[in-house]
Amino acid sequence: MDNIPVLHLDQFLLSQGNGVYVNDLKRHLLDHHNMISLPHKHDFHFNVLFTEGTGIHEIDFNSYTVGPGSFFVLSPGQMHHWKLSDDIKGYVFSHSKEFYLLRDNRFELDRFPFFYSNQNTPEIILTAKKLASVEQICQTMLEEFHEEKEHQSLRIHALITLVYVALTRAYNPSNNKVERISRYGSTIKTFEQLVETQFLYRKSPAAYAELLNVSLKHLNRVCNKVLGISVSQVITGRVLLEAKRLLMIKDMSIAEIANELGYSDYSYFSRLFKKHTGQTPQEFRKGYIM
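Okay, so let's go over this structure. (Residues numbered from 1 in each chain as written. Predicted model: local features only at pLDDT ≥ 70, side-chain atom pairs only at ≥ 80, totals over all residues. Heavy atoms only, no water.)

1. Considering the overall build of the protein chain
Then, number 1: Per the secondary structure count, the protein chain includes 13 helices and ten strands.
Then, number 2: For 290 residues, the compact-globule formula gives about 19 Å, and the C-alpha radius of gyration of the protein chain, at 20 Å, lands near that figure.
Then, number 3: Principal axes of the C-alpha set define a box for the protein chain whose edges measure 55 × 45 × 35 Å.
Then, number 4: When burial is assessed residue by residue, the protein chain has 51% of its 290 residues classed as buried.
Then, number 5: The contacts in the protein chain between residues at least 6 apart in sequence include a share of 70% that link residues at least 24 apart.
Then, number 6: Accessible surface, the protein chain: about 15,000 Å² in total, of which carbon and sulfur atoms supply 50%.
Then, number 7: Counting 32 positive and 31 negative side-chain charges, the protein chain places the centres of these two groups 9 Å from one another. (Helix = DSSP H or I, 4+ residues; strand = E, 2+ residues; numbered from the N terminus. Rg over C-alpha atoms; globule rule 2.2 N^0.38 Å. Buried < 20%, exposed > 50% of the residue type's maximum accessible area, 1.4 Å probe, protein only. Contact = heavy atoms within 4.5 Å. Areas by Shrake-Rupley, 256 points an atom, 1.4 Å probe, with all protein chains shown as cover. Lys, Arg positive; Asp, Glu negative; His and termini not counted. Charge placed at Lys NZ, Arg CZ, Asp CG, Glu CD.)

Here it is, written out as structure tokens:
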């Protein structure tokens with residue numbers, strides 16, 4: 001069964017790369033227009049800095065306004081697309097998880113707040129001063145990527161880390177719902193990981209509480225305190241996100257989508273979708289797909 005296109009890092013690389021890709025945003029848009037013009041996902045970490053121009057960047061059906069100083073960090077599996085002005089400028093850099101960990105296996109990527117939880121926003125807005133600093137790092141990274149010098153990968157890794165540290169310092173605390181060091185942070189992180197791998201066939205909140213070896217009452221307390229939503233809402237939210245992604249596939253029927261998501265009752269799935277989105281699956285598809 002076809003799905004939303006998933007792009008692989010080697011599709012953007014020629015001779016160099018070794019798990020990392022860096023480019024000028026304008027050149028990236030021109031060189032890979034056929035691959036990136038429609039909504040798609042990646043199996044790698046994707047980062048983009050906008051230095052000039054305007055537009056809309058949609059990530060997993062959440063829309064963000066683009067302008068100078070907009071930075072977006074996307075984790076593997078997130079779907080996105082954008083509509084950008086002709087005068088758009090900036091930088092993109094991507095890397096596999098392995099590229100980062102092979103050069104520093106003591107520092108997991110999810111220590112950075114924007115990678116720690118699905119609930120934390122992928123958008124960072126940089127002030128003019130911070131934009132100038134990050135832009136200079138990205139320019140140095142781009143130059144390094146196009147030069148074949150000793151320890152090239154090591155230097156690019158160091159530059160990526162500098163960008164991530166700068167972004168962490170600029171990250172709005174109100175967008176950082178889940179913190180690694182918080183009292184309940186590890187519970188939420190493990191819960192989200194379980195939902196991500198099992199939501200297709202486990203939809204009962206009690207099932208996840210059992211897997212975590214805690215009471216459902218405790219898990220609901222943790223979710224409400226940290227995320228402001230219940231265990232059931234986290235599970236349903238992940239199901240609905242996948243439903244929206246599947247609805248982007250024109251030749252997949254609503255009944256097939258319901259079955260793919262683990263609902264044998266097509267009408268129940270349709271009612272669930274409308275209850276939480278305000279639209280039937282058909283209405284969502286018609287309004288979204290051009």
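Don't stop here, the text continues.
2. Side note on the pairing of strand β9 (residues 89–95)
Then, number 1: For β9, a buried count of six out of seven residues is recorded, marking the element as mostly surrounded by other parts of the structure.
Then, number 2: Bridge count between strand β2 (residues 20–24) and β9: five bridges; the pairing is antiparallel. Paired with Val20 across the two strands is His95, which belongs to β9.
Then, number 3: The pairing of strand β4 (residues 45–52) with β9 spans seven bridges and is antiparallel. Bridged to Val48 within β9 is Val92. (Pairing = 2+ DSSP bridges.)

3. What to know about the packing of helix α7 (residues 185–198) against helix α10 (residues 231–247)
Then, number 1: Two elements in contact, α7 and α10, have axes separated by 10 Å at closest approach and are oriented at 40 degrees. Regarding the angle of α7 to α10, the classification is oblique. Between α7 and α10 lies a crossing whose hand is right-handed. Along the contact surface, α7 presents Phe191, Val195 and Glu196, while α10 presents Val231, Val234, Ile235 and Arg238.
Then, number 2: Residues of the contact of α7 with α10, tallied by class, amount to five nonpolar, no polar and two charged. (Axes fitted to C-alpha atoms, helices over the stretch in contact; angles between N-to-C directions. Parallel < 35°, antiparallel > 145°, perpendicular 65-115°, else oblique. Left-handed = near helix turned anticlockwise from the far one by under 90°. Nonpolar A, V, L, I, M, F, W, Y, C, P; charged D, E, K, R; others polar.)

4. Topic: the sheet that holds strand β8 (residues 79–84)
Then, number 1: The mixed open sheet is built from five strands, whose spatial order is β1-β3-β8-β5-β6. For this open sheet the edge positions go to β1 (6–7) and β6 (62–66), each flanked by a neighbour on one side alone.
Then, number 2: Note: strand β5 (residues 55–59) against β6, five bridges, orientation antiparallel. Each bridged residue has a counterpart across the sheet, and for Gly55 the counterpart in β6 is Val66.

5. A few points about the nonpolar core
Then, number 1: Within the largest apolar cluster, 49 residues are counted, with the highest numbers of intra-cluster contacts made by Phe71 and Tyr164.
Then, number 2: Residues in contact with Tyr164, not counting those within four places in the same chain, are Asn47, Val73, Phe93, His95, Tyr100, Leu109, Phe112, Phe114 and Phe115.
Then, number 3: With 37 residues, the next largest nonpolar core counts Phe199, Tyr208, Val222 and Ile257 among its residues. (Core = buried A, V, L, I, M, F, W, Y, C linked by side-chain atoms within 4.5 Å.)

6. Quick notes on the side chain of Glu144
Then, number 1: Mapped onto the elements, Glu144 comes out in helix α5 (residues 128–145).
Then, number 2: Every residue in contact with Glu144, bar those within four places of it in the chain, is listed here: Lys149, Gln152, Arg155 and Ile156.

7. Notes on the packing of aromatic side chains
Then, number 1: Here the structure, examined in full by the defined rule, presents 20 aromatic pairs.
Then, number 2: Ring plane angle 80 degrees and centroid distance 6.0 Å describe the contact between Phe50 and Phe72, whose orientation is recorded as edge-to-face. Separated by 22 residues along the polypeptide, Phe50 in strand β4 and Phe72 in strand β7 (residues 70–74) bring together distant segments of the chain. In this pair, the class of Phe50 matches that of Phe72, namely buried. (Phe/Tyr/Trp six-rings, centres within 6.5 Å; stacked < 30°, edge-to-face > 60°.)

8. Overview of the environment of Asp86
Then, number 1: Structurally, the position occupied by Asp86 is in the loop between β8 and β9.
Then, number 2: Since its relative accessible area comes to 72%, Asp86 is described here as exposed.
Then, number 3: Each C-alpha atom, one on Asp86 and one on Thr54, is 8.7 Å from the other, the two residues being 32 residues apart in sequence.

9. Some words on the pattern of salt bridges
Pairing between side chains becomes possible if they bear opposite charge and their charged atoms approach one another.
Then, number 1: Per the stated rule, a full pass over the model turns up seven salt bridges.
Then, number 2: The salt bridge partner of Arg27 is Asp31, with a shortest N-O separation of 3.2 Å. On the criterion of helical spacing, the pair formed by Arg27 and Asp31 is a turn pair, its members being four residues apart in helix α1 (residues 25–31).
Then, number 3: Residue Arg27 is classed as partly exposed on the basis of its relative accessible area of 42%.
Then, number 4: You can call Asp31 partly exposed: its relative accessible area is 42%.
Then, number 5: Its salt-bridge partner being Arg238, residue Glu242 comes within 3.1 Å of it at the nearest N-O pair. (Salt bridge = Lys/Arg side-chain N within 4 Å of Asp/Glu carboxyl O.)

10. A look at the sheet that holds β9
Then, number 1: The strand order β2-β9-β4-β7-β10 describes an open sheet built from five strands, whose pairing is antiparallel. One side of each edge strand has no neighbouring strand; the edge strands of this open sheet are β2 and β10 (123–125). Here the average twist between neighbouring strands, direction ignored, is 10 degrees.
Then, number 2: Pairing between β7 and β10: three bridges, direction antiparallel. The residue bridging Phe71 from the neighbouring strand is Ile124, located in β10.

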